[in-house]
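Given next are the chains, with one letter for each unit.
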Amino acid sequence: MGRPGGPKLHATRRRELGQSFQDGGEHYDRVRPGYPTDSVDWLLPPGAKSAADIGAGTGKFTALLVDRGLQVAAVDPSTDMLEQLRKSCPGVEALEGTAEATGLADSAFDVVSVAQAWHWCDPMKASTEIDRILRPHGVLGLIWNQLDISVPWVHRLSRIMHAGDVHKPGFRPVIGPEFMNLTSHLTSWEDAVSPEDILELTKSRSYYLRANEATRSKVMGNLEWYLFDHLGHVPGQLLGLPYLTTTWRARKIDGAPPR
């Protein structure tokens, strides 16, 4: 995600990495952080009544939309992730699908959000599909939780974890010509975690999930040395893991020509 033009993942590689999240929904839901409330508050336009959360996973961002009183549909390609979402957000319509083919109705939503998932999408095809399901003047929201690597110990941690979701100030997501006025909002916050939580968080990331056992063992060994021996933390100790959440907002161009 690091270059200003957006992620440069070949489509096949994007699919391969995205497939790593098909299973393990319970673990993902337990160890991944939520999102700061001001992210959704900044994103939602006045009077919004309905939202589609695409790439919803286990419903971390979906829950914030529900809490704001919106009628919400959630879409994700993983049956396992959606099973967890249905438990945490029982009133949400949950459908298997992708950002490029949501299966949702035309002009049905005031807002479409894609949290922690746009880098797995084909941005042009996804933009066309999202334009289709948005109402006139609808809003597209792209949200990323990113480790704050301006903090030295987090920068080294991210390298040991092989974390791709780190904050890079020059990044700007690619969106299709159906949208205009792309602006962003940045939230600095900390997630209260233990060293063991960080170990489990690492196990939920695509690099670890796609790695062989030798690589996984090496990553865990390096993390344990860094957290316990080098930094001197003890099991169960609560740490503040710094995050920067970037929320991007763009408005649908009404009457955009079909492509």
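Keep in mind the model is a prediction, meaning the values are calculated, not measured.

(A) Examining unusual backbone geometry more closely. One non-glycine residue, Q116, lies in positive phi territory at about 60 degrees. Along the polypeptide, Q116 turns up in the loop between strand 4 (109-115) and helix 6 (123-133). The buried category is assigned to Q116, whose relative accessible area is 9%. If you check the backbone angles, N181 has positive phi at about 55 degrees while not being a glycine. Examined against the element boundaries, N181 turns out to sit in strand 6 (residues 179-193).

(B) Structural view of the environment of G69. Secondary-structure assignment places G69 in the loop between helix 4 (62-67) and strand 2 (71-76). Judged by relative accessible area, which is 62%, G69 ranks as exposed. A sequence separation of 20 residues divides G69 from K49, and the C-alpha atoms of the two residues are 7.5 Å apart.

(C) Summary view of the nonpolar core. If you look at the biggest cluster of nonpolar residues, it comprises 25 residues, and the most contacted ones within it are I54, L104, V114, W118, I130, L142 and I175. At the level of elements, strand 1 (50-54), strand 2, strand 4, helix 6, strand 5 (134-147), strand 6 and strand 7 (239-252) are the ones that each hand at least two residues to this core. In this view, I175 contacts W118, M124, S127, L140, L142, L182 and A250; residues no more than four positions away in its chain are not counted. Core analysis: the next-biggest nonpolar cluster, separate from the first, contains 22 residues, L64, L70, A74 and C89 among them.

(D) Examining the side chain of H119 more closely. The residue H119 is located in the loop between strand 4 and helix 6 in this model. The exposure class assigned to H119 is buried, which follows from its relative accessible area of 11%. Within polar-contact distance, the side chain of H119 engages the side chain of W144 at 3.0 Å.

(E) Molecular detail of the sheet that holds strand 3 (residues 93-96). If you walk across this open sheet you meet the seven strands as 3-2-1-4-5-7-6, and the pairing is mixed. At either end of the open sheet lies a strand with only one pairing partner, and these are strand 3 and strand 6. Pairwise comparison of adjacent strand axes, ignoring direction, gives a mean angle of 20 degrees for this sheet. Note: strand 1 against strand 2, five bridges, orientation parallel.

(F) Representation of the pattern of salt bridges. Taken as a whole, this structure holds seven salt bridges when the rule is applied. Of the charged contacts in the structure, one is a salt bridge between R132 and E129, with a shortest N-O distance of 2.7 Å. Of this pair, R132 and E129 both sit in helix 6, three residues apart, roughly one helical turn. Classification of E129 by relative accessible area gives buried; the value is 10%. With a closest N to O distance of 3.5 Å, R216 and E213 form a salt bridge. Within this pair, R216 and its partner E213 are both found in helix 10 (residues 213-230), separated by three residues, close to a single helical turn. Residue E213 is classed as exposed on the basis of its relative accessible area, which comes to 58%. A single salt-bridge network, built from bridges that share partners, covers D106, E129 and R132.

Rules used throughout
Residues numbered from 1 in each chain as written. Predicted model: local features only at pLDDT ≥ 70, side-chain atom pairs only at ≥ 80, totals over all residues. Heavy atoms only, no water. Helix = DSSP H or I, 4+ residues; strand = E, 2+ residues; numbered from the N terminus. Buried < 20%, exposed > 50% of the residue type's maximum accessible area, 1.4 Å probe, protein only. Core = buried A, V, L, I, M, F, W, Y, C linked by side-chain atoms within 4.5 Å. Contact = heavy atoms within 4.5 Å. Polar contact = N/O pair within 3.5 Å; in protein donor to acceptor, adjacent residues only side chain to side chain. Pairing = 2+ DSSP bridges. Axes fitted to C-alpha atoms, helices over the stretch in contact; angles between N-to-C directions. Salt bridge = Lys/Arg side-chain N within 4 Å of Asp/Glu carboxyl O.

These figures capture arrangement, not role.
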